[in-house]
Every structure is written in structure tokens, then in C-alpha cells.
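# Structure assessment
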Amino acid sequence: MSDPVILTLTMNPALDVTVEADHVRPTDKIRCRAERYDAGGGGVNVARFAHVLGADVLAVLTAGGPTGTHVVDLIDAARVPNVPVAVQGITRQSLTVNECASGRQYRFVLPGPALTAEEQRRCLDLLADAAAPADFVVASGSLPPGVPPDFYQQVADICRRRNVRLVVDTSGGGLTHLTSGVFLLKPSVRELRECLGRPLACEAEQAAAARELIDAGRAEVVVVSLGAEGALLVTAHDSSRLAAIPVSAVSGVGAGDALVAGVVVGLAREWPLPAAARYGIAAATAKLQTPGTSAFSRTEVDCLFDGFDATAGR
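Rules of the game
Residues numbered from 1 in each chain as written. Predicted model: local features only at pLDDT ≥ 70, side-chain atom pairs only at ≥ 80, totals over all residues. Heavy atoms only, no water. Helix = DSSP H or I, 4+ residues; strand = E, 2+ residues; numbered from the N terminus. Rg over C-alpha atoms; globule rule 2.2 N^0.38 Å. Buried < 20%, exposed > 50% of the residue type's maximum accessible area, 1.4 Å probe, protein only. Contact = heavy atoms within 4.5 Å. Lys, Arg positive; Asp, Glu negative; His and termini not counted. Charge placed at Lys NZ, Arg CZ, Asp CG, Glu CD. Axes fitted to C-alpha atoms, helices over the stretch in contact; angles between N-to-C directions. Parallel < 35°, antiparallel > 145°, perpendicular 65-115°, else oblique. Left-handed = near helix turned anticlockwise from the far one by under 90°. UniProt positions renumbered as here; feature names shortened; annotations may be inferred. Core = buried A, V, L, I, M, F, W, Y, C linked by side-chain atoms within 4.5 Å. Salt bridge = Lys/Arg side-chain N within 4 Å of Asp/Glu carboxyl O.

## Side note on the overall build of the protein chain
The helix and strand tally for the protein chain stands at 10 helices and 13 strands. Over its C-alpha trace the protein chain gives a radius of gyration of 19 Å, about what one expects of a compact globule, namely 20 Å for 314 residues. Summarising its shape, the C-alpha atoms of the protein chain cover approximately 55 × 45 × 40 Å along the three principal directions. The proportion of buried residues among the 314 residues of the protein chain is 52%. A fraction of 65% describes how many contacts in the protein chain between residues 6 or more apart in sequence connect residues 24 or more apart. Here the protein chain holds 28 positive side-chain charges and 34 negative ones, and the gap between their average locations is 3 Å.

Right, here's the structure in full:
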């Protein structure tokens, strides 16, 4: 295996289970069908999607119990290079139910296994060893029980010492306890609101909030995902909104991870930041049209990317 250009870290992976049901009603037994199983968790998804886009990747993830084995088997089947860190707890499952009658999607997310201090240390040691040849480290997803909220700051400190650019996509304490060393931060607008404790009702307020994180030294670039409204790209000197590409969505699960994957792959190709961000929008759009957390095709992403206004350039 060649040295990875992109290394992803997933502390709380999941076996993503997606099913269909005619109706979802309280107290009733919900008869499900069309089940599918995907390896999930933020960094795992980013690694799978970046691999489809042609990048050399390495996925570092925790794995425990039969669920963890299933997740690793699925990653192997996708031919994504990976290094699982064995843990005592059982890797979680996440359930998505698509209600056919209404078109609504219901998502049930478990907290994941508690990790011991020794298991956390092994993850950080492995990261420190594996990050050296990489151009980017992507730390993505929630932190499981037992992991301190400053864990991603510890990851940032390692990346700074290894001179590797760090991309972080997380929420809650993992986001609020980041103080420095992040190259690119990708919160959703909801996560940005929760981080700063303000409603951020308009684009100007959202851009100002993102720049506040940059001015504080917490990140160099902030990409705020806005769902159906696209994304907001903010640097120390500029901000711009990237419009979403209108499509009929099959599943929104994993679209944010696809956005991160596209942006990082674009940056790894040494594209300008605006072009990389547009590639992220194209990847997220392609992901919206696939079931569960299944991957898209590179051809589709490239076609969507090429469909952007030619005057924007690469």
C-alpha cells in the first residue's frame, strides 16, 4: 500500500442499518424490509468516499465485538485500506428508517461503547505514527463515552507536531474544546449555533461567527454546511456561499461526510480552495442520490462538478 495522502480517524464508527417501512407509528410493530448494511461513522465515510474519488487513503478506526468485525469486513470489501484499533466494547449500530407513506426519514443513533484510557492512548499513538506521510488528517464524527471532550485538540497537537493539515468535522464538546491547530473546520449551521450559543439567523451572522473561530486561532478555514442551501466558505479575509445543486434526494445520511471528502480530495490535488469546496458540494449532491450511506460514483461527481458555472474556474 502506498503512503496515504488522506488519513481519517473515526473514534466512534457504526454499522449503519437502513430499512424501509410503510408507516412509523408509536407502540406498533414496525415491519421493515429492504435492509442494507454500510460501514459508517464520520471518518469511515470520508475514507470510503475519498477512495471512490481516487485518493490514497487510510482509515483508522476503533472496532469491537461482532459489529466491529462486520464494519471492518465492509471496509475491506470496499478495498479501503484500514487499521482497526481493537476495543473491549461493542461497536454501535445506527438505524435509519425510510417511511414510504410520507417520504420522511427517521434516524436512530446510539452513543457507542465507552473507551478506556489505554484504548484512547493506542489510537493517538497509531495516529502519531501513521500521520507522518499523510498530507491531511480528517478527524470526523462524535466522540464515544469515556473520551474527554478535548480529545480532538490532542489530535490537533499531534498533527501540528507532524506538520500535517487537520480537518475536523464534529459537534458538541469535541467542537467547543478545539482551541488551535485546525486547518479546516466543517460544522453544520446547527453545530455552529450550538458552539457559539447564538441563533445565527442570517448568512451574515453565520459568516461572522465562522470568522470569529478563525480570528481566535481555532481554525484557518471554516466550511459551514447549510443543507439544502449549500455551504458557506469562510477564510480570514473572505466569505462566499456555494449554492446547492437541486436534486431529488434519496437519503441525506452521509452527505456532510461526502462534502468533507470532496473538499479534502480537491485540496490534495492542489486545487484552489473555492474549487475544492465546489467539488465537495458535487460529492455531497451525488451522495444525496444514493441509499443509506452507500458510495456514489466518481463519474457522477465529476459531471456535477463540471456543471458549475465555468466562469468560476478551477
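Alright, that's what it looks like, and here's the rest.
## Some thoughts on the packing of helix α6 (residues 189–196) against helix α7 (residues 203–215)
Contact geometry for α6 and α7: axes closest at 11 Å, N-to-C directions at 60 degrees. It follows that α6 is oblique to α7 by the angle criterion. Note that α6 runs across α7; the crossing there is left-handed. Every residue of α7 that contacts α6 at V189, L192, R193, C195 and L196 is listed here: Q206, A209, A210, E212 and L213.

## Examining the UniProt feature "domain: Carbohydrate kinase PfkB" (unreviewed entry) in the protein chain
Under the UniProt annotation, "domain: Carbohydrate kinase PfkB" (unreviewed entry) lies at residues 16–296. The straight-line gap between the two end C-alpha atoms of residues 16–296 is 16 Å; of that span, 38% is helix and 25% is strand.

## Notes on the nonpolar core
Within the largest apolar cluster, 56 residues are counted, with the highest numbers of intra-cluster contacts made by I6, L184, L267, F296 and V301. Among the elements that line this core, the one with the most residues is helix α9 (residues 273–288), at 10 residues. Discounting chain neighbours no more than four positions away, the residues touching V301 are L53, Y279, A282, A283, A286 and F296. L9, C123, V189 and A210 belong to the second largest nonpolar core, which has 47 residues in total.

## Describing the pattern of salt bridges
Taken as a whole and assessed by the stated rule, the structure comprises 13 salt bridges. Here E20 makes a salt bridge to R33, at a shortest N to O gap of 3.9 Å. Residue E20 is located in strand β2 (residues 14–21), and its partner R33 is located in strand β3 (residues 32–40); the two are separated by 13 residues in the primary sequence. For R33, a relative accessible area of 33% corresponds to the partly exposed category. What emerges from the salt-bridge pattern is a single network uniting E118, R121, R122 and D125.

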